[in-house]
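Here are the chains, one letter per residue:
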Amino acid sequence: MHVKVSCSIFAVISAILCSSYALAEAGCSLDAKLGIGALGRIEPRSRVIKISHNAGPEGARIEQLFFQEADQVKAGDTLAILSDHLKKKAQVEAARARIKVLEAQRAVEQAALAFNKREYLRYQSLEHSSATSISLADAKRLALEQSGITLKRLSAEITQAQSELKISAAELNNTQIVAPIDGTLLKIFARPGERIGDKGVLEIADLSELDVVAEVYESDLLRIKTGQSGCIHAVGFKRPYQAQVRELGFLVRKNDLNDTDPLADRDNRIIEVRLTLEAEAVADLRHQIFRQVKVRITP
């Protein structure tokens, strides 16, 4: 009895799956006589972002790496730090300490200025009965002027030190590699101890939404509009996937993807058309970024 029930349940599930696949394929025509055909590639909606460094022409070396390939990260997460991180951090601390010293000197000089001002006004109000009192009054005036000059110099030095602190802080930030988006680490090109090359540090993408970028011949572009349906297929797919035209490119250029047909034109002029893949395709194709697929768009 239990065997019969299990078989019945399995038959029902199989029928549902088969019917859903049939409906999907019915709404996703690959007939070469229908629609507009093109080659395309799978690409994340966010694009694949190549993260590099900003350490200047001398380059940089990875000191620590906090994540590995396939890890999920959040925007703002520190992915890695460079080898000169501790040096730049010490420079920031030194700049802050210098500002504190200058501010303390300015506070002392402000007190001296207030004292010298009182002294100058007091001697100025006295009757100058002798050359000695006149000389003292001039000395008080000179001390007041010197305090004012010293105070201005200290204020200027503090402003300069604050600017130097901003530069040091910016250089410190440049020693940290930070995630620009929520996403998945696709590939790491430089690991601890290695110098960062032309490929950068790593590649990241948000794989929660996938697109297909179709290279449509320029002659077919007038037949394509946003919102049109498309069908995506490639060898090894369990079924065709539905897609929808979301945006049309602006640049006409040579094609990047070439057909395996030896008679195919390899110097066509194309425009990139981006199609949004159905939700189920995200789970099935997230490990096939940049894979070439065949696209057919229904006008």
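Here the structure is a predicted model, which means the values were calculated and not measured.

1. Let's talk about the pairing of strand β13 (residues 292-298)
- Bridge analysis of strand β1 (residues 36-44) against β13 gives six bridges, and the strand direction is antiparallel. Residue pairing for β13: G37 is matched across the bridge by R296.
- Across five bridges, strand β10 (residues 229-233) lies against β13 in antiparallel orientation. In the sheet register, G230 faces β13, and the bridge partner there is I297.

2. A short note on the nonpolar core
- Grouped together as the largest cluster of nonpolar side chains are 28 residues, with contacts concentrated most on I232 and L277.
- Every element with two or more residues in this core is listed here: β1, β9 (210-217), β11 (241-254), β12 (269-277), α4 (279-285) and β13.
- In contact with I232, not counting residues within four places along its chain, are C28, V212, F237, P240, Y241, A243, L277, V293, K294 and V295.
- Formed by 18 residues, the second largest nonpolar core is a distinct cluster that contains A60, L79, V201 and I204.

3. Some details on the layout of surface pockets
- When its volume is computed, the second largest pocket comes out at roughly 210 Å³.
- In terms of lining residues, the second largest pocket is bounded by 13 residues, among which L186, L207, R286, H287 and I289 are the most central.
- Counting residues per element, the lining of the second largest pocket draws most heavily on strand β7 (residues 183-188), at three residues.
- Per-class residue counts for the lining of the second largest pocket are seven nonpolar, four polar and two charged.

4. Section: the sheet that holds strand β4 (residues 72-73)
- Spatial strand order, β2-β8-β7-β4: four strands in an open sheet with antiparallel pairing. Each edge of the open sheet is held by one strand with a lone partner, namely β2 (49-51) and β4.
- Pairing of β7 with strand β8 (residues 202-205), which is carried by four bridges, proceeds in the antiparallel orientation. Paired with T184 across the bridge in β8 is A205.

5. Looking at the packing of aromatic side chains
- Under the criterion given, the structure shown has one aromatic pair.
- Ring centres of F237 and Y241 lie 5.5 Å apart, and the angle between their planes is 70°; this geometry places the pair in the edge-to-face category. Each member of the pair, F237 as well as Y241, carries the same accessibility label: buried.

6. Focus on the environment of H85
- On the secondary structure map, H85 appears in helix α2 (residues 85-125).
- For the pair formed by H85 and I62, sequence separation is 23 residues and the distance between their alpha carbons is 9.9 Å.

7. Here's the deal with the side chain of T184
- Tracing the chain through its elements places T184 in strand β7.
- Here the side chain of T184 touches Q72 through a polar contact of 2.8 Å, side chain to side chain.
- Filtering out sequence-adjacent residues up to four positions away, T184 remains in contact with A70, D71, Q72, E203, I204, A205, L207 and R286.

8. Details of the sheet that holds strand β6 (residues 176-178)
- Ordered in space as β3-β5-β6, the three strands form an open sheet in which the pairing is antiparallel. Because the sheet does not close on itself, it has two edges, and the strands there are β3 (62-65) and β6. Ignoring strand direction, the axes of neighbouring strands in this sheet form an average angle of 25°.
- The sheet contact formed by strand β5 (residues 78-82) and β6 spans three bridges and is antiparallel. For T78, the partnering residue across the bridge sits in β6 and is V178.

9. Points about the pattern of salt bridges
- By the definition in use, this model includes 23 salt bridges.
- Residue R274 pairs with E43 through a salt bridge whose shortest N-O separation is 2.6 Å. Of this pair, R274 sits in strand β12 while E43 is found in strand β1, placing the two residues 231 residues apart along the sequence.
- Given the relative accessible area of 5%, R274 is considered buried.
- D211 is the salt-bridge partner of R45, the closest N and O atoms lying 3.0 Å from each other. Within this pair, whereas R45 is found in the loop between β1 and β2, its partner D211 is found in strand β9, the two being separated by 166 residues in sequence.
- Overall, R45 belongs to the partly exposed group, its relative accessible area being 23%.
- Through salt bridges with shared partners, one network takes in R41, E43, R45, R47, E209, D211, R246, E247, R253, E272 and R274.

Conventions and cut-offs
Residues numbered from 1 in each chain as written. Predicted model: local features only at pLDDT ≥ 70, side-chain atom pairs only at ≥ 80, totals over all residues. Heavy atoms only, no water. Pairing = 2+ DSSP bridges. Helix = DSSP H or I, 4+ residues; strand = E, 2+ residues; numbered from the N terminus. Core = buried A, V, L, I, M, F, W, Y, C linked by side-chain atoms within 4.5 Å. Buried < 20%, exposed > 50% of the residue type's maximum accessible area, 1.4 Å probe, protein only. Contact = heavy atoms within 4.5 Å. 1 Å grid on protein atoms, 1.4 Å probe; cavity = no way out; pocket = protein on both sides within 12 Å on 5 of 7 lines; lining within 4 Å. Points joined across faces, edges and corners; volume = space filled by probe spheres on them. Nonpolar A, V, L, I, M, F, W, Y, C, P; charged D, E, K, R; others polar. Phe/Tyr/Trp six-rings, centres within 6.5 Å; stacked < 30°, edge-to-face > 60°. Polar contact = N/O pair within 3.5 Å; in protein donor to acceptor, adjacent residues only side chain to side chain. Axes fitted to C-alpha atoms, helices over the stretch in contact; angles between N-to-C directions. Salt bridge = Lys/Arg side-chain N within 4 Å of Asp/Glu carboxyl O.

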